[in-house]
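Okay, here's what each chain looks like letter by letter:
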Amino acid sequence: MLNRLKNIGLMTLAVSALTIGGLTAANAAGASAYPLKKYDWPHAGPFGMFDKPSLQRGLQVYKEVCASCHSLDMVAFRELKALGYNADEIKAFAAEYEFPNGFDDEGEEKYRKGFPQDYFPAPYANEEEARDANNGAFPPDFSLLGKSREHLSLFTPWNSIYGEDYIVGILNTYHEDAPEGVELADGMSYNEAFPGNLIAMAPPLFDDIVEYADGTPATTEQMAKDVATFMYWAAEPKMEVRKKMGLKVIIFMSILTIMLYFVNRRVWRKIKKGDDLA
Amino acid sequence: MGSSNYQPTNKAVKWFEDRLPILGLMHSTLGAGYLAPRNLNYWWNFGSLAGFMLVVQIITGVILVMHYTPHVDMAFRAVEHIMRDVNYGWLIRYTHSNGASMFFVVVYIHILRGMYFGSYKSPREVLWFLGLVIYLLMMATGFMGYVLPWGQMSFWGATVITNLFGAFDFYEGMGESILHLLWGGFAVDNPTLQRFFSLHYLLPFVIVGVVILHIWALHLPGSNNPLGIDAKGPGDKIPFHPYYTAKDLFGLSFFIVILAIFIFYMPNIMGHPDNYIEANPMVTPPHIVPEWYYLPFYTILKAVPDKLFGVIAMFASILIFFVLPWLDGSKIRSAKFRPTTAFFFWLFLLNTLYLGYLGTKLPDEIMIDMAGGIDALTMGRISSIFYFAYFIVIVPLVSRMESTKPVPISIAQSVLDANKKG
């Protein structure tokens, strides 16, 4: 019976392999042709958890560099607990921001300081304002970029492109001058990882553009890795609880499966042998 | 669901049973009252797995609806609200999205098992029809469900698929009228999202209804079996409970482990990354692909140069399964005793998988690097022709002409023979 089970398992895998593998291969084909450098992310793999100091540094990079153009609409200050901050630190962090708060008696807009339940405010009031300030380009929201730039492949994992690697790739592959024959329109930059290579975002990171609170040297690569980690967390904030629960579920169900295997064998013993027919 | 020999001993239960014989119904459907062939193999587990997935999808779906808003301005954010703010919302949503894929995996295996062992043949034709109706309803439900998160692939998938119905333009304005009815306007927009949401909630319950008919139709002739011969004598059959309840529980438990690996460790691998970008009618994704379970039919659609005939070919590729009981003229059900049929069955399966693989390719992508390069469109046409040739030529001819292997007299006899040998 184990043999038969194995056959069924293999068949099932093969069927899904060919169909799903095909789909994901096509996804990968749509991404940039540039071979992205692959990093060993501490939060990758079934047991990987976020590197909290890196998340905190990534938040700092976001706040001091990226946030001037990129919104983070879906993340609330209260969620920063996951980065290792306590309630008071989050309160203080939120209080640095201002939010509209109704109108006073003369019809003028009133403001209040932020609370932990508030969401990161957007740098621009609307898309038009954002485009006007950025040479016609619209800086995308950061909340889901870590997941929407991924190209995962189930059966050819080596072809997978991870969102974090892509983000680091974008931040690290600017060329000062476009290669010969490529014309850069006004305000555009040349970037190897970006599909089409012409990107409206000027190189955002330079060595030591931020001063890390924990003293880590702020190289461009270090900052890119930190902000990519932070962006992946922003896109998938429940990753840690998901993996922890998954381990419990799979251990429990595996033991139950083994037990049910023996129950089944016991139930079938006489029938299998044909004892009832003799 | 035939008559039951259920005799409750408890007086209160008997009192109730005399007034509503529902326990007897359960007994004769899933309990010891249903006699099943004794030789069902593990491929027969996939029916109950499909039933399990239907229940999982309905339960998780009902919970998702409690937190979702079907409006173009709010749907995308509502899904992220479920993922971030709702307690265990990520678990419910990932179970539902991966559950849809696993439901299709299970149902495809269930259908293929029916094809291999001849379960569609007399007297089970109506059972086969009802299964195909369930599958068609699943296709519609799955498609509309994929639209609800209102990501880029939701929107553009909905645009591509609904536009297909515009091909039915048999008189001036007919195609357009169909499209306006589907969209509730002049393009995929808020009315489209709202009607898809309504139907996505309704159709699963229709599926439940057809599933009940499917089980009813199953219990008249009883289950087919790997030998494909009728289970006659008492030695051929065993009670569903405890034998198949134990076996189904073991299979289910194993299946849940696989499902859990997807939900907890690669929850986004079956989806398209573009669906984490909110729908934008002004930006067309470079490559629009449907969910993986539609891909073979998508290739057939693309293979035909004419739009109307492409759509007809696509629908025909599924509807042709309805006439399979008559295309197959063999007196023997199981491909176990029909080696040529078995060979072509596996070829058909490989070809269909390849059609699915081609569905992800752009028409001009080079598939085979010879003779100046054969592109995906050409390969899609060859594969599509084989797909239909299998039904129209291969099955009718092979089933009537092949020399078959000797079939055992009875299931019980085959068990005894196997024991003698082993």
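Residues numbered from 1 in each chain as written. Chains lettered and ligands numbered in written order. Predicted model: local features only at pLDDT ≥ 70, side-chain atom pairs only at ≥ 80, totals over all residues. Heavy atoms only, no water.

This paragraph deals with helix H7 (residues 152-164) of chain B. Residue and element names in this part refer to chain B. Look at H7: 19 Å from first C-alpha to last across 13 residues, which is about the 18 Å you get at 1.5 Å a residue. Extensive coverage of H7 is indicated by the burial of 10 of its 13 residues. Buried residues along H7 sit in contact with helix H6 (125-147), helix H8 (174-183), helix H9 (190-219), helix H11 (295-303) and helix H12 (307-319). (Helix = DSSP H or I, 4+ residues; strand = E, 2+ residues; numbered from the N terminus. Expected span 1.5 Å × (residues − 1). Buried < 20%, exposed > 50% of the residue type's maximum accessible area, 1.4 Å probe, protein only. Contact = heavy atoms within 4.5 Å.)

We now examine the pattern of salt bridges. Two side chains carrying opposite charge are able to pair once their charged atoms lie near each other. Going through the model one piece at a time under the given rule, you end up with 17 salt bridges over all chains. The salt bridge involving Arg57(A) is made with Asp226(A); its shortest N-O contact spans 2.8 Å. Here Asp226(A) lies in helix H7 (residues 220-235) and Arg57(A) lies in helix H2 (residues 52-64), a separation of 169 residues in the sequence. Exposure class is identical for Arg57(A) and Asp226(A). Each is buried. Here Lys147(A) makes a salt bridge to Glu236(A), at a shortest N to O gap of 2.5 Å. Here the residue Lys147(A) occupies a position in helix H5 (residues 145-148), and Glu236(A) occupies one in the loop between H7 and helix H8 (239-273), the gap between them amounting to 89 residues. Summarising the burial analysis for this pair, Lys147(A) and Glu236(A) share the class buried. Salt bridges linked by common partners bring Lys121(B), Asp328(B), Arg338(B) and Glu402(B) together as one network. (Salt bridge = Lys/Arg side-chain N within 4 Å of Asp/Glu carboxyl O.)

A few words now on the state of the cysteines. This structure, assessed with the given rule, holds 0 disulfides over all chains. Considering cysteine sulfurs only, Cys69(A) is the nearest to Cys66(A), which forms no disulfide, with 9.0 Å between them. (Disulfide = S-S within 2.5 Å.)

Let's shift gears to the interface of chain B and chain A. The partner chain A presents 59 residues to the 60 residues of chain B that form the contact. Summed over both sides, the interface of chain B with chain A buries roughly 5400 Å², with 73% coming from carbon and sulfur. Taken as a group, Tyr42(B), Arg84(B) and Tyr265(B) account for 15% of the area that chain B buries against chain A, more than any other trio of residues on that side. The interface formed by chain B and chain A contains 2 salt bridges. With a shortest N-O distance of 3.0 Å, Arg38(B) and Asp276(A) are connected by a salt bridge. Here chain B and chain A share 17 residue pairs in polar contact (both at pLDDT 80 or more) between them. Of all the elements in the fold, those that place two or more residues in the side of chain B that touches chain A are helix H4 (75-84), helix H5 (89-116), helix H10 (240-265), helix H14 (339-359) and helix H16 (411-421) of chain B. The greatest single-element share of the side of chain B that touches chain A, amounting to 17 residues, is contributed by H10(B). Considered class by class, the residues forming the side of chain B that touches chain A number 45 nonpolar, 8 polar and 7 charged. (Buried area = accessible area lost by both parts, 1.4 Å probe. Polar contact = N/O pair within 3.5 Å; in protein donor to acceptor, adjacent residues only side chain to side chain. Nonpolar A, V, L, I, M, F, W, Y, C, P; charged D, E, K, R; others polar.)

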